[in-house]
Amino acid sequence: MNIETIRKDFPILSRTIYGKYPLIYLDNGATTQKPLCVLDAMREEYLNVNANVHRGVHYLSQQATDLHEAARERVRGFINAGSTREIIFTRGTTESINLVASSFTEAYMHEGDEVIVSEMEHHSNIVPWQLQARRSGIKVRVIPMSDDGVLDLQAFEGLFSERTRLVSVTHVSNVLGTVNPVKDIVAIAHRHGVPCMIDGAQSAPHIRIDVRDLDCDFFAFSGHKMYGPTGIGVLYGKEKYLSAMPPYQGGGEMIGTVSFENTTFADLPYKFEAGTPDYIATHGLAQAIDYMESIGMENIEKHERELTRYALEQMQTVPGMRIFGPLDAERRDAVISFLVGDIHHLDMGTLLDRLGIAVRTGHHCAEPLMHRLGINGTVRASFALYNTKEEVDSLVNGIKRVAAMF
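Residues numbered from 1 in each chain as written. Predicted model: local features only at pLDDT ≥ 70, side-chain atom pairs only at ≥ 80, totals over all residues. Heavy atoms only, no water.

Q: How should I be thinking about the overall build of the chain in this particular structure?
A: Along the chain, the regular secondary structure elements total 14 helices and 17 strands. The C-alpha atoms of the chain give 22 Å as radius of gyration, which agrees with the globular expectation for 406 residues (22 Å, within 12%). Considering only C-alpha atoms, the chain reaches an extent of 70 × 55 × 35 Å along its principal axes. The buried share of the chain, taken over its 406 residues, is 56%. When contacts within the chain are restricted to residue pairs at least 6 apart in sequence, those whose partners lie at least 24 apart make up 72%. (Helix = DSSP H or I, 4+ residues; strand = E, 2+ residues; numbered from the N terminus. Rg over C-alpha atoms; globule rule 2.2 N^0.38 Å. Buried < 20%, exposed > 50% of the residue type's maximum accessible area, 1.4 Å probe, protein only. Contact = heavy atoms within 4.5 Å.)

Q: It is not clear to me how the sheet that holds strand S16 (residues 360–362) should be interpreted in this structure. Could you clarify?
A: Within a sheet, adjacent strands bond to each other through the backbone by hydrogen bonds, running parallel or antiparallel. Strand order in the open sheet formed by four strands is S13-S14-S17-S16, and the pairing between neighbours is antiparallel. Bordering the open sheet on either side are strand S13 (321–324) and S16, each of which pairs with just one other strand. Recorded for the sheet is a direction-independent mean angle of 30° between the axes of neighbouring strands. With three bridges connecting them, S16 and strand S17 (residues 378–382) associate as antiparallel partners. What sits directly across from Thr361, in S17, is Val379. (Pairing = 2+ DSSP bridges. Axes fitted to C-alpha atoms, helices over the stretch in contact; angles between N-to-C directions.)

Q: Explain unusual backbone geometry to me, please; I cannot follow it from the model alone.
A: Note: most peptide bonds trans; most residues except glycine with negative phi. Of the consecutive residues Leu268 and Pro269, the connecting peptide bond is found in the cis state with omega at 0°. The phi dihedral of Asn80 is positive, around 60°, even though this residue is not glycine. Relative to the helices and strands, Asn80 resides in the loop between helix H3 (59–79) and strand S4 (87–90).

Q: Explain the pairing of strand S5 (residues 114–118) to me, please; I cannot follow it from the model alone.
A: The side chains of a regular strand alternate between the sheet's two faces. Taking burial as the measure, the five residues of S5 include five buried ones, the bulk of the element. Judged by which residues are buried, S5 turns out to be covered on both faces: Glu114, Ile116 and Ser118 on one side and Val115 and Val117 on the other are all buried. Inspection of the sheet shows S5 paired to strand S6 (residues 139–143) by five bridges, in the parallel sense. By the bridge assignment for S6, Ile116 is matched with Arg141. Considered for its hand, the β-α-β crossover made up of S5, helix H5 (residues 127–136) and S6 is right-handed. Sheet topology places S5 next to strand S7 (residues 164–170); three bridges connect them, and they run parallel. Within S7, the position partnered with Glu114 by the bridge is Thr164. (Right-handed = clockwise from strand over helix to strand, strands pointing away.)

Q: Which parts of the structure should I look at to understand the packing of H3 against helix H10 (residues 279–295)?
A: A pair of packed helices is characterised by two quantities: the angle between their axes and the separation of those axes. Closest axis-to-axis distance for the H3/H10 pair is 8 Å, and the angle between their directions is 40°. Relative to H10, the element H3 lies oblique. Here the hand of the crossing between H3 and H10 comes out left-handed. Of H10, the residues touching H3 (which contributes Leu67, His68, Ala71, Arg74, Val75 and Phe78) are Tyr279, Thr282, His283, Leu285, Ala286, Ile289, Asp290, Met292 and Glu293. Here the residues of the contact of H3 with H10 are counted per class, giving nine nonpolar, three polar and three charged. (Parallel < 35°, antiparallel > 145°, perpendicular 65-115°, else oblique. Left-handed = near helix turned anticlockwise from the far one by under 90°. Nonpolar A, V, L, I, M, F, W, Y, C, P; charged D, E, K, R; others polar.)

Q: I tried to follow the pattern of salt bridges on my own but got confused; where do I start?
A: Pairing is possible between side chains that carry opposite charge, provided their charged atoms lie close to one another. In this structure the tally under the stated criterion is 25 salt bridges. Two residues, Arg141 and Glu114, come together in a salt bridge whose shortest N-O distance is 3.9 Å. Taken together, the residues span a long stretch of sequence, with Arg141 in strand S6 and Glu114 in strand S5 at a distance of 27 residues. By relative accessible area, Arg141 is classed as partly exposed at 30%. Glu119 is the salt-bridge partner of Arg372, the closest N and O atoms lying 3.6 Å from each other. In this pair, Arg372 is assigned in helix H13 (residues 367–373) and Glu119 in the loop between S5 and H5, connecting sequence segments 253 residues apart. (Salt bridge = Lys/Arg side-chain N within 4 Å of Asp/Glu carboxyl O.)

Q: Hey, could you run me through the packing of aromatic side chains in this one?
A: The geometry of an aromatic ring pair comes down to the distance between the two centres and the angle between the two planes. Across all of its chains, the model carries twelve aromatic pairs by this definition. Ring geometry for Phe104 versus Phe218: centroids 6.1 Å apart, planes at 90°, classification edge-to-face. Here the residue Phe104 occupies a position in helix H4 (residues 93–108), and Phe218 occupies one in strand S9 (residues 218–222), the gap between them amounting to 114 residues. Each ring, one from Tyr108 and one from Tyr241, has its centre 5.7 Å from the other, and the planes form 70°; the classification is edge-to-face. Taken together, the residues Tyr108 in helix H4 and Tyr241 in helix H9 (residues 239–244) connect sequence positions 133 residues apart. Classification of Tyr108 by relative accessible area gives partly exposed; the value is 26%. Among the residues examined, Tyr241 registers a relative accessible area of 13% and is labelled buried. Here the aromatic cluster, defined as three or more aromatic residues joined through ring pairs, consists of Phe10, Tyr227, Tyr291 and Tyr386. When the ring centre of Tyr310 is taken as reference, the NZ or CZ atom of Lys389 above it lies at 5.2 Å. (Phe/Tyr/Trp six-rings, centres within 6.5 Å; stacked < 30°, edge-to-face > 60°. Lys NZ or Arg CZ within 6 Å of the ring centre and 35° of its normal.)

Q: Before we go on, may I ask you to explain the sheet that holds S5 in this structure?
A: The mixed open sheet is built from seven strands, whose spatial order is S4-S10-S9-S8-S7-S5-S6. Where the open sheet ends on each side, the last strands, each with one partner, are S4 and S6. Averaged over all neighbouring strand pairs, the angle between strand axes comes to 20°, with direction disregarded. Here H3 sits on the sheet and contacts S4, S9 and strand S10 (233–237); the angle it forms with S4, its principal contact strand, is near 115°. Of the strands in this sheet, S4, S7, strand S8 (196–199), S9 and S10 are in contact with H4, which crosses S9 at around 155°.

See the structure below:
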């Protein structure tokens, strides 16, 4: 893959920061930049095909509906789901997990039943279950991890009880970069007769996803982390579970019939898609998937793995450097969280920004993980298909320059 050619698809990468430094964008774990083809496709639909989907008999509505449902099929193929009935459009990973937490709990769980999560989860895979614990009396159990950020699968086995109803874990930690062995985790859960949900927000942009090979029961991801628009995401769910789960929200689109005496609900996937969908964003997401696959997911993974390996090597030359998570690039994805000496993460991030280097600082919506590590935050550099070794060199030089100030 030709990185310089790819970078031309992202005009924002040619920006100058503070009128002095070229932008080095290393905050891709929070959101990626968008290629021109995605922006052009969305603009084209707004200009020429803008009409509400599904409910109109006129030409524009039918054309918009076709694009919207083509996007659903595109997503289905991207993750190798068995049917578009198993593809639910949401606003993102967070809403997807909240949907499962609400509807799965209502359908399958009672007071005292348990859900298993891990110590490295994003708040989006903790707080929804805590809300259900308050409302329904369910319990949250936690898989511990080692000091180098690897889940303890033996301890995981020991967490199952006759009350365990669901396992919900991240595929890739947004802090540690740890690539969890989710296929093994799903298999362990299934041996205990328990379904498994995977948070794929940090894996879908980087790794080829095959939900049927993983055999996961639910999989969630976000468009804005994979070169698509904000406000659009996906929940994949096995049809046997989605069919039994009640709607997450009520309103238009998700109904069969409505009277003041009774309401029936639409078939999958529409039962879970109340209201007007963001049909422009679904088209943008489909274009983003097309873009990624035109480059090749295997090529993206190889490039980012090499970049991560190089960054790990170079960053360890910085005196006082502490990198959190596995130091083996084969066990982590394109995320590196770090601290240098006693420099506060906010100070490091702020001063790197003055050099044109965009990184993320703070607890990264993973406060329980920070408590486990005994820190209150890190600096996080996260890579994408358009990042280069030269940018890694600039990051390392910037870190050294900031460190020298302290």
